[in-house]
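Chain and residue survey
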Amino acid sequence: MDYAAHDASTFAPPAEVGEMELYHAKTFIGKYIWSQDAKVIAIQYAITAIGIGLVALVLSWMMRLQLGFPDTFNFIDPSNYLQSVTLHGMIMVIYLLTALFLGGFGNYLIPLMVGARDMVFPYVNMVSYWVYLAAVLLLVASFFVPGGPTGAGWTLYPPQAILQGTPGATWGIILMLVSLALFIIGFTMGGLNYVVTVLQARTRGMTLMRMPLTIWGIFMATVLALLAFPALFVSAIMMLFDLLLGTSFFMPALVSMGQQGEHTGGNPILFQHLFWFFGHPEVYIVALPAFGIVSDLLSVHARKNIFGYRMMVWAIVAIGGLSFVVWAHHMYVSGMNPYFGFFFATTTLIIAIPTALKVYNWVLTLWHGNIHLTVPMLFAIGFIFAFIHGGLTGLFLGNVTVSVPLSDTMFVVAHFHMVMAVAPIMVVFGAIYHWYPKITGRMLDDAMGKFHFWATFLGTYAIYLPMHYLGFLGVPRRYFAVGGTDFIPESAQSLNAGITIAALIVGAVQMVFLYNLVWSYFKGKPSGGNPWNATTLEWQTPDTPPTHGNFGPTLPVVYRWAYDYSVPGADQDFIPQNVPAGEVARSGSKS
Amino acid sequence: MTQATPTHTAASVPLVDGVQGIVADWSSDQRAFKNVPWGKAMMWIFLLSDTFIFSSFLISYMTVRMSAVEPWPNASEVFALTLFGKSIPLILIAIMTFVLISSSGTMAMAVKFGYEKNRKMTFILLLLTAALGATFVGMQAFEWTKLIHEGVRPWGNPMGAAQFGSAFFMITGFHGTHVSIGVIFLIIVAIKVYRGDLDNERPGFLTGRKGNYEMVETMGLYWHFVDLVWVFIFAVFYLW
């Protein structure tokens, strides 16, 4: 077929394959529990992820209470503190953000936005969720075993992770590693679905370069995850063997608590390389979906096409590729060959180019836009602030000479929270406010939403801005108590107390958000099918919420890209993707 | 939605050759890989992910071998068998490799007969492939037993660096698991072929998807991959 002979805006090639086979469940359990519908699976993923995320939020309070008010709370001992630090990090990064962005938003949005009836393998997709749930339950179980969960830090570095003396070295670490392995197996099932659906199951007219950036971000993040998680899987297996079979992959010969250990000749740095070969792409597994979603939020709510769509796509691809060659910038002080530092600092700074390009394009999208300060837009702008902020401190930490004195200080904590905690969570909130009407048919309450935004945005700044300063003072991260250290002034403690109060408030404000989710489900204003006047396919479904199969009897045909906002001459300020050129209402007829 | 067409359609789109064809396919709508069924695309991407798993295992093995503090046992002596009064290095491994590579040949023929809808030959060749795979696993069990009798354990061995046994059991164990899973699925696909499920488009037991002969090729992809991984394990573990 000679596609070039046709005007792409009026012609879509015929369907290459027939309709997808769908299994329509008849029972309640089949529809909502053992469901094969990607939208239901998405909600299952989201509820589980948010549930376990609340546990991690409470753990962060434990940590902050100790740091802000040492010697005050006798229910926090050094072990509890380390366990809170570890599980807070692990849950937030993997079990909340990864699962929510890919399992939650990926499942809901991919089939709807590319015009598919469901994921390509709904059964495998269903199993993916249940394996994920098993992984979460194993993680939760580690709170109830003798010794409690592991306190090794979320990076789980050996030798300390599996030595007696580290909290949870008997049972907690086993459950942690098994849970991670299960998570990866479950994710792989889902991830294969997302990738194949995007590549092979788009609707007629939906070319890759007409896909919304949301899908590009989720797609590329899934590719990264499929290639990065294997390294974590392998290191989890090897550490389990070191622990349970007495092998010495990571464990050198060492004397612990006056006893010669059973291990000999292992290589602890190998674990760090494997871990960060996963760990750095993981940052982008969380960031790329956020990049994609925020691009769409900005475009819809500024009523303007995204600036530089093609560049945005290629920047996502470039960042994804580069993220595999920067991992050892997490290891400048690990004792690896110093020449590696030179190489990895260079690649790290190169990644700033496509990233900065994206930031410029977001800002240029807002420029001269018809900005609606809706709640999703507020969160999207909040994201730009947090991300620029975290990105700039990344330049400090990417350079070896600046990074070494800042290693393991609160500056690092402040940096990665700005860039991969606050920034993505802003997008998560924005996305939930944006798509909640499609998922439930009702709007989230605006007043509660605005309060939620301002309290969260200002609150997180109150937490993390002073934390940079603490880092410059040399306050170390992960310490239960700093004690009488000469180089840290007394006043650092009052700053810590202030941060703790801000953290407690920000955490409490999230309850307003949860209340809003439940209240609006029953009492919210009915939204209609397309409350934001958006162009993408998920807003053009015949039913809201969409039924199983998404699009009614016939699949939509796509005639244009996802960003036809404020097109000159058109009556409406948006043209949905499935409207052919001839059917656009133009009463002005200026041309 | 009532009409159910499988997700595999034979050449419904005329294809362009070469680089221009790749560009045309990727810039077109619906599918980036024209005429590739979903199952096959998914298997390829899964295998890419699995490649990273085996690469991580092998690179880790190389790293611990290079940083081991004790001498590494000589693989050709450890894996020698005494046959007819002579010690022949690596003979068992050579036979295992031959068996596994041969099973790739029978698998390829099964795929060919599958597309010809020759049920009988497909069934026989799938079973033969499964039998060769099971033979491989059996010989691996023999090899493990022999080494365990000689005192090789995951945590140490009499010949040298402890990591030798650790890496050996971990890597061959993980590969053997892949082969065993492959054998199970080969038998399942063979039964489907024998019953005529693929001709009658009988829905799968769990997935409810209709059977078709492309399933045999997807199975074959996995099987060839497992063989290819063995070649790398053979090269870097036994020959190094």
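Quick caveat: nothing in here was measured; it's all calculated off a predicted structure.

Cut-offs applied
Residues numbered from 1 in each chain as written. Chains lettered and ligands numbered in written order. Predicted model: local features only at pLDDT ≥ 70, side-chain atom pairs only at ≥ 80, totals over all residues. Heavy atoms only, no water. Helix = DSSP H or I, 4+ residues; strand = E, 2+ residues; numbered from the N terminus. Buried < 20%, exposed > 50% of the residue type's maximum accessible area, 1.4 Å probe, protein only. Lys, Arg positive; Asp, Glu negative; His and termini not counted. Charge placed at Lys NZ, Arg CZ, Asp CG, Glu CD. Contact = heavy atoms within 4.5 Å. Areas by Shrake-Rupley, 256 points an atom, 1.4 Å probe, with all protein chains shown as cover. Core = buried A, V, L, I, M, F, W, Y, C linked by side-chain atoms within 4.5 Å. Patch = residues over 30% accessible without salt bridge, like charges linked within 9 Å, V, L, I, M, F, W, Y side chains within 5 Å. Salt bridge = Lys/Arg side-chain N within 4 Å of Asp/Glu carboxyl O. Expected span 1.5 Å × (residues − 1). Bend = angle between axes of the 7 residues up to and from the residue. Phe/Tyr/Trp six-rings, centres within 6.5 Å; stacked < 30°, edge-to-face > 60°. Lys NZ or Arg CZ within 6 Å of the ring centre and 35° of its normal. Buried area = accessible area lost by both parts, 1.4 Å probe. Polar contact = N/O pair within 3.5 Å; in protein donor to acceptor, adjacent residues only side chain to side chain. Nonpolar A, V, L, I, M, F, W, Y, C, P; charged D, E, K, R; others polar. Axes fitted to C-alpha atoms, helices over the stretch in contact; angles between N-to-C directions. Parallel < 35°, antiparallel > 145°, perpendicular 65-115°, else oblique. Left-handed = near helix turned anticlockwise from the far one by under 90°. pLDDT = per-residue confidence, 0-100.

This brings us to the overall build of chain B. When you go through chain B residue by residue, the secondary structure sums to eight helices and two strands. Along chain B, helices (α) and strands (β) appear in the sequence α-α-α-β-β-α-α-α-α-α when read from the amino end. Principal-axis analysis of the C-alpha atoms places the extent of chain B at approximately 65 × 40 × 30 Å. The buried share of chain B, taken over its 240 residues, is 53%. Computed over 16 positive and 15 negative side-chain charges, the inter-centroid distance for chain B is 7 Å.

Right, let's talk about the overall build of chain A for a bit. Of regular secondary structure, chain A possesses 14 helices and two strands. Its C-alpha atoms give chain A principal-axis dimensions of about 85 × 50 × 50 Å. In chain A, the proportion of contacts linking residues at least 24 apart, taken out of those at least 6 apart, comes to 78%. For chain A, the computed accessible surface area is about 21,700 Å², with 69% contributed by carbon and sulfur atoms. Of the side-chain charges in chain A, 22 are positive and 24 negative, and the distance between the mean point of each set is 10 Å.

One recurring pattern in soluble globular proteins: nonpolar side chains tend to sit buried together. Counting residues in each nonpolar core, the largest one holds 261 residues, and the members touching the most others are Tyr95, Phe105, Trp362 and Phe383 of chain A together with Phe79 of chain B. Tyrosine 95 of chain A has contacts with Ala49, Ile52, Met90, Tyr132, Ala135, Val136, Leu139, Met176, Ser179, Leu180 and Phe183 of chain A, leaving out every residue within four places of it along the chain. Counting five residues, the second largest nonpolar core, distinct from the first, contains Val567, Ala570, Ile575 and Val584 of chain A.

In this section: a nonpolar patch on the surface. All names here are of chain A. A cluster of nonpolar side chains, contributed by Leu349, Ile388, Leu392, Leu395, Phe396, Val402 and Phe472, occupies part of the molecular surface with about 570 Å² of accessible area. When residues of the nonpolar patch are assigned to their parent elements, the largest contribution, four residues, is made by helix H10 (residues 375-398). With respect to the helices and strands, the residue leucine 349 is situated in helix H9 (residues 338-366).

Moving on, we get to helix H3 (residues 78-114) of chain A. All names here are of chain A. End to end, H3 covers 50 Å across 37 residues, agreeing with the expected 54 Å (1.5 Å per residue, within 8%). The axis of H3 is deflected most strongly, by about 50°, at glycine 106. For H3, a buried count of 33 out of 37 residues is recorded, marking the element as mostly surrounded by other parts of the structure.

Moving on: the packing of aromatic side chains. The tally for this structure, following the rule as stated, stands at 74 aromatic pairs over all chains. Their ring planes at 25° and their centres at 4.9 Å tell us that tyrosine 45 of chain A and tyrosine 132 of chain A sit as a pair that is stacked. With tyrosine 45 of chain A in helix H2 (residues 38-68) and tyrosine 132 of chain A in helix H4 (residues 122-141), this pair connects stretches of sequence that are 87 residues apart. The exposure class assigned to tyrosine 45 of chain A is buried, which follows from its relative accessible area of 4%. Judged by relative accessible area, tyrosine 132 of chain A falls into the buried class, the value being 1%. Geometrically, the ring pair formed by tryptophan 144 of chain B and phenylalanine 168 of chain B is tilted, given 6.4 Å between the ring centres and 50° between the ring planes. Pair noted here: tryptophan 144 of chain B is in helix H5 (residues 119-149) and phenylalanine 168 of chain B is in helix H6 (residues 162-195), with a separation of 24 residues, a long-range link. Residue tryptophan 144 of chain B is classed as partly exposed on the basis of its relative accessible area of 27%. When the ring centre of phenylalanine 113 of chain B is taken as origin, the NZ or CZ atom of lysine 112 of chain B, which lies over that ring, is 4.1 Å away.

Quite often, the size of an interface is put as the accessible area lost when its parts meet. The partner chain A presents 57 residues to the 52 residues of chain B that form the contact. Between chain B and chain A, a total of about 4,800 Å² is buried, with carbon and sulfur atoms accounting for 65% of that surface. The shortest N-O distance in the salt bridge between glutamate 16 of chain A and lysine 34 of chain B comes to 2.8 Å. Inspection of the chain B/chain A interface yields 18 residue pairs in polar contact (both at pLDDT 80 or more). For the side of chain B that touches chain A, the element with the most residues is helix H2 (residues 38-67) of chain B, which contributes 16 residues. Across the side of chain B that touches chain A, the residue classes break down as 28 nonpolar, 18 polar and six charged.

As a further point, take the pattern of salt bridges. By the definition in use, this model includes 13 salt bridges over all chains. Aspartate 408 of chain A serves as the salt-bridge partner of arginine 477 of chain A, at 4.0 Å between the closest nitrogen and oxygen. Separated by 69 residues along the polypeptide, arginine 477 of chain A in the loop between helix H13 (446-473) and helix H14 (491-523) and aspartate 408 of chain A in the loop between helix H11 (400-406) and helix H12 (410-440) bring together distant segments of the chain. According to the relative accessible area criterion, arginine 477 of chain A is buried, its value standing at 15%. Residues arginine 195 of chain B and aspartate 197 of chain B are paired through a salt bridge, measuring 2.8 Å at the closest nitrogen-oxygen approach. On the basis of relative accessibility, which here comes to 45%, the residue arginine 195 of chain B falls in the partly exposed class. Within the structure, one salt-bridge network assembled from shared partners comprises Glu16 of chain A together with Arg31 and Lys34 of chain B.

Turning next to the packing of H6 of chain B against helix H8 (residues 214-238) of chain B. All names here are of chain B. The N-to-C vectors of H6 and H8 enclose an angle of 160°; their axes lie 10 Å apart at closest approach. Comparing the axis directions of H6 and H8 gives the class roughly antiparallel. Handedness of the H6/H8 crossing: left-handed. Residue composition of the contact of H6 with H8, grouped by class: 22 nonpolar, four polar and one charged.

Where the model shows low pLDDT, its predicted coordinates should not be examined in detail. Residues and elements named next belong to chain B. Of all residues in chain B, 94% attain a pLDDT of 70 or more, and the chain-wide mean is 90. Here residues 1-11 is a poorly scored stretch, pLDDT under 50, and it has 28 contacts once near neighbours within four places are set aside; other chains count. Scoring the predicted complex yields pTM 0.95 and, for the interface, ipTM 0.93.

Where helix H5 (residues 172-200) of chain A contacts H2 of chain B, the axes come no closer than 9 Å and their chain directions differ by 125°. For the element pair H5 of chain A / H2 of chain B, the angle class is oblique. Where H5 of chain A crosses over H2 of chain B, the two elements pack in a sense that is right-handed. Every residue of H2 of chain B that contacts H5 of chain A at Thr188, Leu192, Asn193, Val195, Val196, Leu199 and Gln200 of chain A is listed here: Trp38, Ala41, Met42, Ile45 and Phe46 of chain B. For the contact of H5 of chain A with H2 of chain B, the per-class residue count stands at nine nonpolar, three polar and no charged.

What follows covers the environment of tyrosine 81 of chain A. Residue and element names in this part refer to chain A. With respect to the helices and strands, the residue tyrosine 81 is situated in helix H3. Considering only alpha carbons, one finds tyrosine 81 and arginine 478, 397 residues apart in sequence, at a separation of 8.6 Å. For tyrosine 81, the residues in contact, after removing those within four places along its chain, are Met63, Gln66, Leu67, Ile76, Arg478, Tyr479 and Phe480.

Once that is clear, we can look at the environment of glycine 292 of chain A. Residue and element names in this part refer to chain A. Position of glycine 292 relative to the elements: it lies in helix H7 (residues 268-301). As a C-alpha pair, glycine 292 and isoleucine 215 span 77 residues in sequence and 6.9 Å in three-dimensional space. In contact with glycine 292, not counting residues within four places along its chain, are Leu213 and Thr214.

To continue, consider the side chain of histidine 175 of chain B. One can find histidine 175 of chain B in helix H6. Excluding residues within four positions of it along the chain, histidine 175 of chain B makes contact with Phe54, Leu100, Phe136, Val226, Val229, Trp230 and Ile233 of chain B.

A few words on the confidence of the model for chain A. Taken residue by residue, chain A gives an average pLDDT of 93. The fraction at 70 or more is 98%. Across residues 1-5 of chain A, confidence stays below pLDDT 50; counting only partners more than four residues off in sequence or on other chains, it has seven contacts.

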